[in-house]
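The chain contents come next:
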Amino acid sequence: MSALTVRQVRQRFLLLHGLRWLPSGLIIPVMILLMQERGLSLSQIGLVTVAQGLVVLALELPTGGLADALGRRPVLLVAWTLGLASLLIFAVADSFAVFVLVWALQGVFRALDSGPLESWYVDATLAADPEAKYEPGLGYAGTVIGVAISAGALLAGGLIALGPIGPVSALTVPVLVAAAFQVVALAALVTLLREVRPAKGAGALRASIVEAPRMIGQSFGLLRRSRVLLALVAVELFWGFGMVTFESLLPVRLAEVVGDPDRAAALLGPANSAAWLASAAGAALTPLLLRWLGAAPSAALLRILQGVTVVGMGLLAGPVGVLVAYLACYSIHGASNPVHMGLLHRQVDGPYRTSVISLNSMMGQPGFAVGAVVLTALADRVSVTAAMLVGAVVLAVAAPLYLPAWRAGRRPVDPPADQGAVPVAELPDPRREHPASASG
């Protein structure tokens, strides 16, 4: 790991990040509509997606601790292989039970995938240069995600427009192409990600499994001792609930205003492509936000603005209004994630980095699971608009949870122990905690 330069680490991180999200871009425009095509109702789709949330909730911390103890590379290899398996099954799924299996496999994939690549990037960067700033790379990663998903969504729209290929329906073709790109991503991961581990083999695996619970316990200890970290992680609970509005309900809302599901599906490819380009642009503007407002105030403002855009998706009439609000939502989405993750990384030291990221991601899963059940049921029984408005409110009310991070950034000295601070060895330098330092 230390043999790589900071530049090489960043280049490999961004390339792998792009390959990781390209298959997602292909399936995002079709996943809800494909399940509807195969006979599932909105309420059933909501229940199916809960399988992912429950699996991630159960496995997020154990897999995060395992990645910190065993190594990021082997965990990512298993994760991306399971991601490939879920795509192949998704392509042929034709019943509620099989779709539950698909989303459960996606849950295992998400749990294993959450954090190791980002943690490898941060630790590899600091190993190459302890004074290097990793925040710009996290912002660039947001841009790469946006471009990759945008390219995948645009490709999906083109594939759908071409129509079915033999017995394969138009909505199924992007799933098969996503599986092919997942194979490419696995090959790149094997080739590009270098990691120095103290031991290998069965003995190392057993030792890592034994060590993982201790890493998890230490991560929870950080939450108990840091109000800042606890509040940051809690933000994800609200974000996970609200994410259902623009990830699951937008295709249904668009079909509603267009009046034709097939036409909505054709529009979703370009719309998703444009949305993720907007997300990439939002991520690229992160340094300006940090210099202008600072990290914590920017994060709080972005949560409120994202709620406002979801209100627009729910209330504006016609496809143009809905899609404009959708683009605005994703531009804010792209900016908020690197700001949030930068705040999170500054609250934890390297040995527990993946475990804390997993804690953060884990909080989003019960939020998404509850949102998937509540909001899809509300959409079925009342209206999609009503469900979106509820989700918008939940997104916005998370903003005050950034106050502890803002206060910590303004504090000139380390907080006393009775304020819930983590030990000095695990605290960032308070001078680097100031939001302006993240802009470099």
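Quick summary incoming for the structure in this document. Along every chain, residues carry numbers that run from 1 in the direction the sequence is written. Per-residue local features are limited, in this predicted model, to residues with pLDDT of at least 70; the limit for side-chain atom pairs, both in listing and counting, is 80 or more; totals at the level of whole chains, interfaces and linings are taken over all residues. In computing side-chain properties, one takes all heavy atoms of the structure into account and sets aside hydrogens as well as water.

Some details on the side chain of S336
And then number 1: Examined against the element boundaries, S336 turns out to sit in helix α14 (residues 318–345).
And then number 2: A polar atom in the side chain of S336 sits 3.1 Å from the backbone oxygen of H333.
And then number 3: Setting aside anything within four residues of it in sequence, one finds S336 in contact with L302 and R303. Where helices and strands are cited, they refer to DSSP runs of H or I of at least four residues and of E of at least two residues respectively, numbered from the N terminus. We define a polar contact as two N or O atoms separated by no more than 3.5 Å, with the added condition that, inside protein, one atom must be a possible hydrogen donor and the other a possible acceptor, whereas residues neighbouring each other in sequence contribute only through side-chain atom pairs. Any two residues whose heavy atoms approach within 4.5 Å are treated as being in contact.

Let's talk about the packing of helix α10 (residues 227–258) against helix α13 (residues 295–315)
And then number 1: Axis angles are defined between N-to-C directions and span 0 to 180 degrees, where every axis is a line fitted to C-alpha atoms and, for a helix, only to the segment in contact. Interhelical geometry of α10 versus α13 gives an angle of 25 degrees and a closest axis separation of 11 Å. What the angle tells us is that α10 and α13 run roughly parallel. Note that α10 runs across α13; the crossing there is left-handed. Across from V235, E236, W239, T245, F246, L250 and R253 in α10, the residues of α13 making contact are R303, Q306, V310, M313, G314 and L315.
And then number 2: Amino acids outside the nonpolar list (Ala, Val, Leu, Ile, Met, Phe, Trp, Tyr, Cys, Pro) and the charged list (Asp, Glu, Lys, Arg) are all regarded as polar, and Gly is one of them. For the contact of α10 with α13, the residue count by class is 7 nonpolar, 3 polar and 3 charged. Any angle from 65 to 115 degrees is called roughly perpendicular, while one under 35 is roughly parallel, one over 145 is roughly antiparallel, and all others are oblique. In this scheme the crossing of two helices becomes right-handed for a clockwise turn of the near helix relative to the far one and left-handed for an anticlockwise turn of less than a right angle.

As for a nonpolar patch on the surface
And then number 1: Candidates for patches are residues over 30% relative accessible area with no salt bridge; among them, like charges are joined within 9 Å and nonpolar side chains (Val, Leu, Ile, Met, Phe, Trp, Tyr) within 5 Å. Note that accessible areas follow from Shrake-Rupley with a 1.4 Å probe, and for residues the cover is restricted to the protein chains shown. A carboxyl oxygen of Asp or Glu within 4 Å of a side-chain nitrogen of Lys or Arg is what we treat as a salt bridge. Residues L47, F96, V370, V373 and V374 make up a contiguous nonpolar surface patch of roughly 380 Å² in combined accessible area.
And then number 2: The biggest single contributor to the nonpolar patch is helix α15 (residues 353–381), with 3 residues.
And then number 3: With respect to the secondary-structure elements, V374 resides in helix α15.
And then number 4: Residue V374 is classed as partly exposed on the basis of its relative accessible area of 40%. Partly exposed describes any residue whose relative accessible area lies between the buried limit of under 20% and the exposed limit of over 50%, with all areas from a 1.4 Å probe on protein chains only and scaled to the type maximum.

Brief notes about α14
And then number 1: Here α14 contains 28 residues, and its C-alpha end-to-end distance of 41 Å stays within 8% of the 40 Å for a straight helix at 1.5 Å per residue.
And then number 2: Extensive coverage of α14 is indicated by the burial of 20 of its 28 residues. Working rule for helices: expected span equals 1.5 Å times residues minus one.

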